[in-house]
Amino acid sequence: LKALASHAWRRPAKAAELKTLVDAVHRAGEALDDFYRAFEYGIAGVLQSPYFLFRLELGSESTSKKTRKLSEYELAARLSFFLWNTPPDSKLREAAATGKLSTRQGLFSEANRLLDDPRSRMGLRALFDDYLQLYELVHLTKDPTVFEHFNDKLGSYAREETLRLIEDLVFDTPRDFRELMTTRVTFINPMLASIYKVPTPKAGDFARVMLPETVGRAGMLGHVSFLGVHAHSRASSATRRGVAVRTILLCQSIPSPPVDVDTSIPEPSDEIQTLKERVAEHLENPACSGCHQLTDPIGLGLENFDGIGRFRLTEYGDEIDPSGELDGVPFEDAIELGRAIRDHDDFVPCVVKVLSRYAIGRLENDDESDWIDVLSERFKVHGYQLRPLILELIMS
């Protein structure tokens, strides 16, 4: 029970806590006359404890009384959940027990050990699954009568494509993370190849490919994971895609619409066919235009892609115009929109904020805004590579 509880609680079990568990086993054993059934009560006690169910990071009061210092075991747990999305292993617990984590060299050494371990890929996936809302793809649903390329596996395939690209950017061929918005490198299987209208990978499963310039897509904005989730079941959505760019990629806020406002876009008619024309009419409503001006012109830059990400040049027979601007930066199509997001003043700080919030488990406070700025500058110094940024955050 001592070994189990110490692993489950991410710290050594105390004598009084162990006595409670052992006494429960003894009482159950007397009642059940069966050691193994009785021992289940000890295991249940470990797993029902708040020390297992919650990540307690209380720390101890520092001399300034404005901050608190994490204990060695709390720091080990934070480090492991951040990088591996799992409790600390025996080596990390030993580093906590011996005081290694209280030194900068010891903390740096353990952080690098965890990053070098294959389990760091699980942690990275968990982070970006949350950040980019890729978990929504598990339940991706489209009308198959409208999108003949859709089936119930498409969402999981799309999720895997984006996560593999992120792994490639961070671990396999480390490079400027902003390429997530612009690279033509991606990872596809036969189903995604059919949607992107490119040759099927010879391997038959996911393969690393360089998309030709002629397909009109680059970076995550060209992935089914982004285009499919931020769309309707029967059509694309300039509003949803624009909101996603603002709120997810740039960490900006969009006010909720008033409860009595009709948010629907006008249906196609003989006079207005394309979504851009219908949105323009929608924006004439003063109750709608304030927020939709922030989102719809961006989403229209992705209108060359239908509700599951198939490229198209026309809608209802009329040519699609994907041009627009993002906060004063003009773009002609989705590829240029990706470049505008990559170079936007809010993109890098947004990545840093998300990483920080994920690592420490809370929003930054007002006093820490300068810390985000410093980390953003350090990110730039490191050529926008994510692993050095992760280490900078851990060592802060």
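Above this text is the structure in question.
Here we summarise the structure given alongside this text. Quick caveat: nothing in here was measured; it's all calculated off a predicted structure.

Rules behind the numbers
Residues numbered from 1 in each chain as written. Predicted model: local features only at pLDDT ≥ 70, side-chain atom pairs only at ≥ 80, totals over all residues. Heavy atoms only, no water. Helix = DSSP H or I, 4+ residues; strand = E, 2+ residues; numbered from the N terminus. Expected span 1.5 Å × (residues − 1). Buried < 20%, exposed > 50% of the residue type's maximum accessible area, 1.4 Å probe, protein only. Arc of directions from axis to C-beta. Patch = residues over 30% accessible without salt bridge, like charges linked within 9 Å, V, L, I, M, F, W, Y side chains within 5 Å. Areas by Shrake-Rupley, 256 points an atom, 1.4 Å probe, with all protein chains shown as cover. Salt bridge = Lys/Arg side-chain N within 4 Å of Asp/Glu carboxyl O. Disulfide = S-S within 2.5 Å. Axes fitted to C-alpha atoms, helices over the stretch in contact; angles between N-to-C directions. Left-handed = near helix turned anticlockwise from the far one by under 90°. Contact = heavy atoms within 4.5 Å. Nonpolar A, V, L, I, M, F, W, Y, C, P; charged D, E, K, R; others polar. Phe/Tyr/Trp six-rings, centres within 6.5 Å; stacked < 30°, edge-to-face > 60°. Lys NZ or Arg CZ within 6 Å of the ring centre and 35° of its normal. Lys, Arg positive; Asp, Glu negative; His and termini not counted. Charge placed at Lys NZ, Arg CZ, Asp CG, Glu CD.

### A short note on helix 2 (residues 15–32)
No. 1: An ideal rise of 1.5 Å per residue puts 26 Å on 18 residues; helix 2 measures up with 25 Å between its terminal C-alpha atoms.
No. 2: What helix 2 keeps buried is the set Glu17, Leu18, Leu21, Val25 and Ala28. Viewed end-on, helix 2 has its buried residues packed into an arc of 100°, placing them on one side of the element. For helix 2, the exposed residues lying more than 90 degrees away from the buried face are Ala15, Ala16, Lys19, Thr20, Arg27, Glu30 and Ala31.

### Quick notes on a nonpolar patch on the surface
No. 1: Taken together, the side chains of Leu4, Ile43, Leu47, Tyr51, Phe52, Leu53, Phe54, Leu56 and Leu58 present a nonpolar region at the surface, about 800 Å² in accessible area.
No. 2: Contributing elements (two or more residues each) for the nonpolar patch: helix 3 (35–48) and helix 4 (50–53).
No. 3: A per-element tally of the nonpolar patch places helix 4 first, with three residues.
No. 4: Looking at where leucine 53 falls in the secondary structure, it is placed in helix 4.

### Describing the state of the cysteines
No. 1: Per the counting criterion, the structure on display carries one disulfide.
No. 2: Shown here is the disulfide that connects cysteine 251 with cysteine 350, its sulfur atoms set 2.0 Å apart. Handedness here is read from the sign of the S-S torsion; for cysteine 251 and cysteine 350, about 70°, the answer is right-handed. Here cysteine 251 is found in the loop between helix 12 (238–249) and helix 13 (275–282), whereas its partner cysteine 350 is found in helix 16 (residues 347–360), with 99 residues between them in sequence.
No. 3: When its relative accessible area of 24% is taken as the criterion, cysteine 251 is described as partly exposed.

### Topic: the packing of helix 17 (residues 369–381) against helix 18 (residues 386–395)
No. 1: Where helix 17 contacts helix 18, the two axes come as close as 9 Å, and the packing angle between them is 145°. Relative to helix 18, the crossing made by helix 17 is right-handed. For the pair helix 17 and helix 18, contact is made by Trp371, Leu375, Arg378 and Phe379 and by Leu386, Leu389, Glu392 and Leu393, respectively.
No. 2: Broken down by class, the residue content of the contact of helix 17 with helix 18 amounts to six nonpolar, no polar and two charged.

### A short note on the environment of leucine 355
No. 1: If you trace the backbone, leucine 355 turns up in helix 16.
No. 2: Look at leucine 355 and you get buried, because its relative accessible area is 2%.
No. 3: Separated by 110 residues in sequence, leucine 355 and valine 245 have C-alpha atoms that sit 17 Å apart.
No. 4: Not counting chain neighbours up to four residues away, the residues in contact with leucine 355 comprise Phe82, Leu127, Leu389, Ile390 and Leu393.

### Concerning the packing of aromatic side chains
No. 1: Going through the model one piece at a time under the given rule, you end up with nine aromatic pairs.
No. 2: On the basis of an interplanar angle of 80° and a centroid distance of 5.3 Å, the ring pair of phenylalanine 35 and tyrosine 36 is categorised as edge-to-face.
No. 3: Linked through ring pairs, Phe35, Tyr36 and Phe39 together constitute an aromatic cluster.
No. 4: The ring of tyrosine 51 is capped by arginine 11, whose NZ or CZ atom sits 4.4 Å from the centre of that ring.
No. 5: The positively charged end of arginine 178 is found above the aromatic ring belonging to tyrosine 384, 3.9 Å away from the centroid.

### A word on a negative patch on the surface
No. 1: A surface patch of negative charge is lined by Asp366, Asp367, Asp370, Asp373 and Glu377.
No. 2: Residue placement: aspartate 367 occurs in the loop between helix 16 and helix 17.
No. 3: We classify aspartate 367 as exposed; its relative accessible area is 73%.

### A closer look at unusual backbone geometry
Negative phi characterises most residues that are not glycine, and trans characterises most peptide bonds.
No. 1: Non-glycine residue arginine 10 carries a positive phi angle of around 60°.
No. 2: Within the secondary structure, arginine 10 sits in the loop between helix 1 (2–8) and helix 2.
No. 3: Positive phi, close to 60°, is recorded for tyrosine 384, a residue that is not glycine.
No. 4: Considering the arrangement of structural elements, one finds tyrosine 384 in the loop between helix 17 and helix 18.
No. 5: For tyrosine 384, a relative accessible area of 14% translates into the label buried.

### A word on helix 5 (residues 72–84)
In an α-helix there are 3.6 residues to a turn, and that puts residues three or four apart on one side.
No. 1: With 13 residues, helix 5 should cover 18 Å at 1.5 Å per step; its first-to-last C-alpha distance of 18 Å lies within 8% of that length.
No. 2: Taken residue by residue, helix 5 has Glu74, Ala76, Ala77, Leu79, Ser80, Phe81, Phe82, Leu83 and Trp84 as its buried positions.
No. 3: Close packing links the buried residues of helix 5 with helix 6 (90–97), helix 7 (104–116), helix 8 (119–131), helix 16 and helix 18.
No. 4: Positioned one or two residues after helix 5, asparagine 85 has a phi angle of 60°, which is positive.

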